[in-house]
Amino acid sequence: MSAVRGKVPQWKIEAVEELKKMFQEYPVVGIAGFRGIPSSQFQGIRRDMKDEVRLKVVKNTLLRLALESLGGDFKKLEDYIEDQVVVVASKLNPFKLFKKLEGTKVPSPLKPNQIAPVDVVVEAGPTNFPPGPVLGEIQAGGIPAAIEKGKIVVKNTVTVVKAGEVVKPEVARALNLLEIKPIQIGLETKALMENGILFTPSDLAIDEAKVFEEFVEAAGKALNLAVNAAYVTEETAEILIQKAFMDARSLAVNAAIFEKDVIDDLISRAYAEMLSVASLLGDDALDEDLKNRIGSGIQVQQVVAEEEKEEEKEEEKEEEEEKSEESAFEGLGALFG
């Protein structure tokens, strides 16, 4: 018996209902492309991700019907239905899901008559091939090769195909021989959605190393600000105590406060100053003991001078940091009115 014209097959209705249920059950859903992925690789991806990500290959028309039926924010995903797509659903947040999808990509060679998505550059240098017919195949691909010291060598760095160009079979063959795999094949995220918010790859691609460096830099600046502002926290308490001890010691020495912890420093300083004054007097005013002490005291004076220079440098550094912090506070004031 022939089918009734205009009646929608039951399997299509069921497929659309399954898609709708999938979009409603998972907090994060999306669309990814899988053009060019070998069947074995796709099955491996599905197997590896089954515990965290659900993948469903559907016809684009059925996917559009499901999104139209759901309406609301789901319709935003319609703009990303193109070519061969797979529906992605997960309980992972969009950023973790995107990273997982990107992890499915593996280096792959270019195929004959394929449109090159990137410039392909072959670097100059030796290959692992001994002299033989391979040399002609490499040269046929537009790669300047020759024989040197019993090996086939690429003489010059050359761009064999540019992005947007058709890959000639001889070029694909030469690149394959040299094991050059310039493209990444895997799931290509089109868009992901969470709570009605749409994320594209440009939103989800994060340089984790750079972000980590920025966090480290921010933490360092925050610690420096807290210490200089004497803001007590678990992280700054020990540093502030050490700083307070050093500042108190420096004050006691410079103010000549006779405390047991600085008395040795005061005596050493007074001794050095005494030698400095004595060195200005004539020999007739000095006895032999004092003359000898002045001679040996030159080294002491040099040490004192060096310490004073270091103290001046530290003071200058602190002044620069204070100016920097003042500028930062002014900037914050300008931002927040």
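For the structure, check the block above.
In this text the structure is predicted, and so the values were computed from the model without any measurement. Every residue gets a number counted from 1 within its own chain, in the order that chain's sequence is written. Local features in this predicted model are restricted to residues whose pLDDT is 70 or higher, and side-chain atom pairs enter the listing and the counts only when it is 80 or higher, whereas totals over whole chains, interfaces and linings include all residues. Based on all heavy atoms of the structure, the side-chain values leave hydrogens and waters out of the count.

Caption draft 1: Quick peek at the layout of surface pockets. A cavity here means a set of 1 Å grid points, computed over protein atoms only, where a 1.4 Å probe fits but cannot escape. A pocket is an open set with protein on both sides within 12 Å along at least 5 of 7 lines, and lining residues have an atom within 4 Å of a point. Grid points are joined across faces, edges and corners, and a volume is the space filled by probe spheres set on the points. Of the volumes computed, that of the second largest pocket is approximately 460 Å³. Together, 21 residues line the second largest pocket, and Arg35, Gly36, Ile183, Gln184 and Ile185 are the ones closest to its centre. We count a stretch as a helix when DSSP gives it H or I for four or more residues in a row; a strand needs E for two or more, and each element gets its number in order from the N terminus. Elements supplying a minimum of two residues to the lining of the second largest pocket: strand E10 (183–185) and strand E11 (188–194). At three residues, the largest contribution of residues to the lining of the second largest pocket is made by E10. When grouped by side-chain class, the residues that make up the lining of the second largest pocket number eight nonpolar, eight polar and five charged. The nonpolar class holds Ala, Val, Leu, Ile, Met, Phe, Trp, Tyr, Cys and Pro. Asp, Glu, Lys and Arg form the charged class, and all remaining residues, Gly among them, are polar.

Caption draft 2: Molecular detail of unusual backbone geometry. Of note in the backbone geometry, Ala230 takes a positive phi value of approximately 55° without being a glycine. Looking at where Ala230 falls in the secondary structure, it is placed in the loop between helix H8 (208–228) and helix H9 (237–254). Relative accessible area decides the class of each residue, using a 1.4 Å probe on protein chains only: under 20% of the type maximum gives buried, over 50% gives exposed, and in between gives partly exposed. Since its relative accessible area comes to 52%, Ala230 is described here as exposed. Residues other than glycine seldom take positive phi values, yet Ala256 does so here, at roughly 55°. Within the secondary structure, Ala256 is located in the loop between H9 and helix H10 (263–278).

Caption draft 3: Main features of the pairing of strand E7 (residues 145–148). Judged from the four bridges that link them, E7 and strand E8 (residues 151–154) form a sheet pairing that is antiparallel. Directly across from Ile147, in E8, lies its bridge partner Ile152. Between E7 and E8, which pair antiparallel and follow one another directly, the connecting turn spans two residues, one of which, Lys149, has a positive phi of 55°. Only when DSSP finds a minimum of two bridges between them are two strands counted as paired.

Caption draft 4: Region of interest: the packing of helix H1 (residues 10–25) against helix H3 (residues 60–70). Angular values range over 0 to 180 degrees, each being the angle between N-to-C directions of two axes fitted as lines to C-alpha atoms, with helices fitted over their stretch in contact. Contact pair H1 / H3: the axes reach a minimum separation of 9 Å and the direction vectors enclose 55°. Judged by the angle between their axes, H1 and H3 are oblique. The handedness of the crossing between H1 and H3 comes out as right-handed. Residues Trp11, Lys12, Ala15, Val16, Leu19, Lys20, Phe23 and Gln24 of H1 form the contact with H3, whose own contacting residues are Leu62, Leu63, Leu65, Ala66, Leu67, Ser69 and Leu70. Grouping the constituent residues of the contact of H1 with H3 by class yields eleven nonpolar, two polar and two charged. Note that the term roughly parallel is reserved for angles under 35 degrees, roughly antiparallel for angles over 145, roughly perpendicular for angles of 65 to 115, and oblique for everything else. Here a crossing is taken to be left-handed if its near helix is turned anticlockwise relative to the far helix by less than a right angle, and right-handed if that turn runs clockwise. Contacts: residue pairs with any heavy atoms within 4.5 Å of one another.

Caption draft 5: Structural detail: the pattern of salt bridges. Between Lys or Arg on one side and Asp or Glu on the other, a salt bridge is scored when a side-chain nitrogen of the former is within 4 Å of a carboxyl oxygen of the latter. Taken as a whole, this structure holds 18 salt bridges when the rule is applied. A salt bridge links Glu25 to Lys21, with the shortest nitrogen-to-oxygen separation between them at 3.9 Å. With Glu25 and Lys21 both in helix H1 and four residues apart, this pair spans about one turn of that helix. When the shortest N-O distance is used, the salt bridge between Asp83 and Arg35 registers 2.7 Å. Of this pair, Asp83 sits in the loop between H3 and strand E3 (85–90) while Arg35 is found in the loop between strand E1 (28–33) and helix H2 (39–49), placing the two residues 48 residues apart along the sequence. A relative accessible area of 42% places Asp83 in the partly exposed class. If you follow the salt bridges from partner to partner, you end up with Glu18, Arg54 and Lys56 in one network.

Caption draft 6: A look at the sheet that holds strand E2 (residues 53–57). Taken together, five strands build an open sheet; the order of strands is E2-E3-E1-E11-E12 and the sheet is antiparallel. At either end of the open sheet lies a strand with only one pairing partner, and these are E2 and strand E12 (197–199). Direction aside, the axes of adjacent strands within the sheet are offset by 20° on average. The strands that helix H4 (residues 94–102) touches are E1, E2, E3, E11 and E12; relative to E11, the one it contacts most, it runs at about 165°.

Caption draft 7: A look at the sheet that holds E7. Strand order across the open sheet formed by three strands is E6-E8-E7, with antiparallel pairing between neighbours. Each edge of the open sheet is held by one strand with a lone partner, namely strand E6 (125–126) and E7. Bridging between E6 and E8 involves two bridges; their strand directions are antiparallel. The partner of Gly125 across the bridge, within E8, is Val154.

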